[in-house]
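# A structural walkthrough
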Amino acid sequence: MSRSDWRDHDWQLIHAAPQSPLLHMALDEALLDAVGAGRRQPTVRLWEWASPAVVIGRFQSLRNEVDGDAAQRHGIEVVRRISGGGAMFIEPGNTITYSIYAPLSMVEGLSFQESYALMDSWVLEALRELGIEAWYQPLNDLASAAGKIGGAAQTRRGGALLHHVTMAYDIDAAKMLDVLRIGREKLSDKGTASAAKRVDPLRSQTGLPRAAVVERMLATFRRLHGLADDRLRDDELAQAQALVEDKFGTYAWIADVP
Amino acid sequence: MHGEYKMPGGKLVVVDLTLHDGRFAGVRLSGDFFLEPDAALPAINAALEGQPIAIDDATLGTAIDAALPAGTTMYGISSAAIVVALRRALHEGAPA
């Protein structure tokens, strides 16, 4: 089987009004399954957040990663996503998060690193057009000379690959460090002593409003790979809402790795 | 007991456990690694549970590998890294 290219697919864009953190978790599963089963064309989803959240990776310990009292004090919801990787600290308007639901044929025969590099390539081009020299830094970071810009995570199921990315647009580093427990061991092979210095947000690097950065990113994707405006279907939304009830909103899932 | 190991070129691998009658008990692997299928996580925990404290690293690694569901993929984690995190938990012994 030969590998497919971006242009072999009819890419769809979903960019809906702000949604809850739990619904975002569920939409990733519902849309990944829809693309994997061939019910939906390959899709890019741009997330808008209705409320603040800490999103922990599939295998992270809830207790080890999050200061539950601090999260509660700041009114920050803790949710668990379906992909591995590290915790993300989200406040509406402070991050740019998107998901790519791609057919597995696009990464056929590629190593994990090649697969991350491929899925990140268009956004690196978009950042370049915005004046930011950025690169994919294995295993799963997006980096610039000034610091880390964002992180990616992938998961595969059925016939589809989910590649989702959160980039820091602006960040309240003090609040982040209050809520996330970032241990010394984790920083042991990073070049900086301070966790706050690990992230350098897009706002300071572009000087542009968040919406303008998003618009430029999507324009780059559209130009490179083609992108048709689509919307979430009623059945997809209903399925995601059911997943919130039955899975993502349950303590069993959130504390699955206690 | 709690042990952490940042695998060089990989991700953070964490093991929490206690000891019961000279054997590993309540073993919990966690971290920011990538592991598929996700059923591999409880399979690894189960493979470590009840192993004698005197077990050698190679045997532990083999036990982990043997427990993985068919087709398991690991990115940023390895059975050897899990063993290092577990040894750190045993030796450093910081409370979980």
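Residues numbered from 1 in each chain as written. Chains lettered and ligands numbered in written order. Predicted model: local features only at pLDDT ≥ 70, side-chain atom pairs only at ≥ 80, totals over all residues.

## Notes on the overall build of chain B
If you tally the helices and strands in chain B, you get 3 helices and 5 strands. Taking 2.2 N^0.38 as the reference for a compact globule, 96 residues should give roughly 12 Å; the C-alpha atoms of chain B span a radius of gyration of 12 Å, in line with that estimate. Taken along the three principal axes of its C-alpha coordinates, chain B extends 35 × 25 × 20 Å. For chain B, buried positions account for 43% of its 96 residues. Contacts in chain B between residues at least 24 apart in sequence constitute 59% of all its contacts with a sequence separation of at least 6. (Helix = DSSP H or I, 4+ residues; strand = E, 2+ residues; numbered from the N terminus. Rg over C-alpha atoms; globule rule 2.2 N^0.38 Å. Buried ≥ 20, exposed ≤ 12 C-beta atoms within 10 Å, placed from the backbone. Contact = placed C-beta atoms within 7 Å.)

## Description of the confidence of the model for chain A
Confidence in the prediction for chain A averages 93 pLDDT; 93% of positions are at 70 or higher. Here residues 189-194 of chain A is modelled with pLDDT under 50, and outside its nearest four sequence neighbours on either side it reaches 5 contacts, counting other chains as well. (pLDDT = per-residue confidence, 0-100.)

## Observations regarding the environment of A:R216
In this structure, A:R216 sits in helix α7 (residues 210-225). Through-space distance from the C-alpha of A:R216 to that of A:L127 is 8.7 Å; in sequence the pair is 89 residues apart.

## Structural notes on the pairing of strand β10 (residues 160-168) of chain A
Residue and element names in this part refer to chain A. Within β10, 9 of the 9 residues are buried, which leaves the element mostly enclosed by the surrounding structure. Bridge count for strand β6 (residues 95-103) against β10 is 9 bridges, and the pairing is antiparallel. What sits directly across from T97, in β10, is T166. Two elements, strand β9 (residues 147-157) and β10, share 8 bridges in a ladder whose sense is antiparallel. (Pairing = 2+ DSSP bridges.)

## Focus: unusual backbone geometry
Cis geometry marks the peptide bond from A:P138 to A:L139; its omega dihedral reads 10°. The omega angle of the peptide bond from B:E36 to B:P37 is -5°, so this bond is cis rather than trans. Mapped onto the elements, B:P37 comes out in the loop between β4 (34-36) and α1 (40-48). The backbone of B:D21 sits at a positive phi, close to 55°, despite the residue not being glycine. Of note, B:D21 is situated in the loop between β2 (12-20) and β3 (23-31). In this structure B:D21 comes out as exposed when scored by C-beta crowding, with 8 C-beta atoms within 10 Å.

## Overview of the nonpolar core
One finds A:A26, A:V54, A:V55, A:F89, A:Y101 and A:M167 to be the most contacted residues of the largest nonpolar core, which totals 59 residues. Ranked by residue count, the leading element in this core is helix α1 (residues 21-36) of chain A, at 10 residues. Among all residues touching A:M167, those that are not within four sequence positions of it are A:T95, A:I96, A:L142, A:I149, A:G150 and A:L202. Ranked by size, the runner-up nonpolar core spans 31 residues in total, among them A:L139, B:L12, B:I64 and B:A89. (Core = buried A, V, L, I, M, F, W, Y, C linked by C-beta atoms within 7 Å.)

## So, helix α4 (residues 112-129) of chain A
Residues and elements named next belong to chain A. The first and last C-alpha atoms of α4 sit 26 Å apart over 18 residues, in line with the 26 Å expected at 1.5 Å per residue. In α4, a bend of some 45° at S121 exceeds every other bend along the element. Every buried residue belonging to α4 is among S115, Y116, M119, D120, V123, A126 and L127, and all of these are buried. If you follow the buried residues of α4, they end up packed against β6, β7 (134-137), β8 (141-144), β9, β10 and α7. Immediately beyond the C-terminal end of α4, within one or two residues, lies G131, with a positive phi of roughly 90°. (Expected span 1.5 Å × (residues − 1). Bend = angle between axes of the 7 residues up to and from the residue.)

## Focus: the interface of chain A and chain B
At the junction of the two partners, chain A supplies 19 residues and chain B supplies 18 residues. Classifying every residue of the side of chain A that touches chain B gives 4 nonpolar, 10 polar and 5 charged. (Nonpolar A, V, L, I, M, F, W, Y, C, P; charged D, E, K, R; others polar.)

## Structural notes on the confidence of the model for chain B
When the pLDDT values of chain B are averaged, the result is 95; 96% of them are 70 or greater. Here the prediction assigns the complex a pTM of 0.94, and the interface score ipTM is 0.95.

## Quick word on the pairing of strand β1 (residues 2-6) of chain B
Residues and elements named next belong to chain B. When you tally the buried positions in β1, you get 4 out of 5 residues, the bulk of the element. Where β1 lies against β2, 5 bridges are found, and the strand directions are antiparallel. Among the inter-strand pairings, E4 is bridged to a residue of β2, identified as V14. Here β1 folds back onto β2 in antiparallel fashion, the turn holding 5 residues, of which G9 has a positive phi close to 70°.

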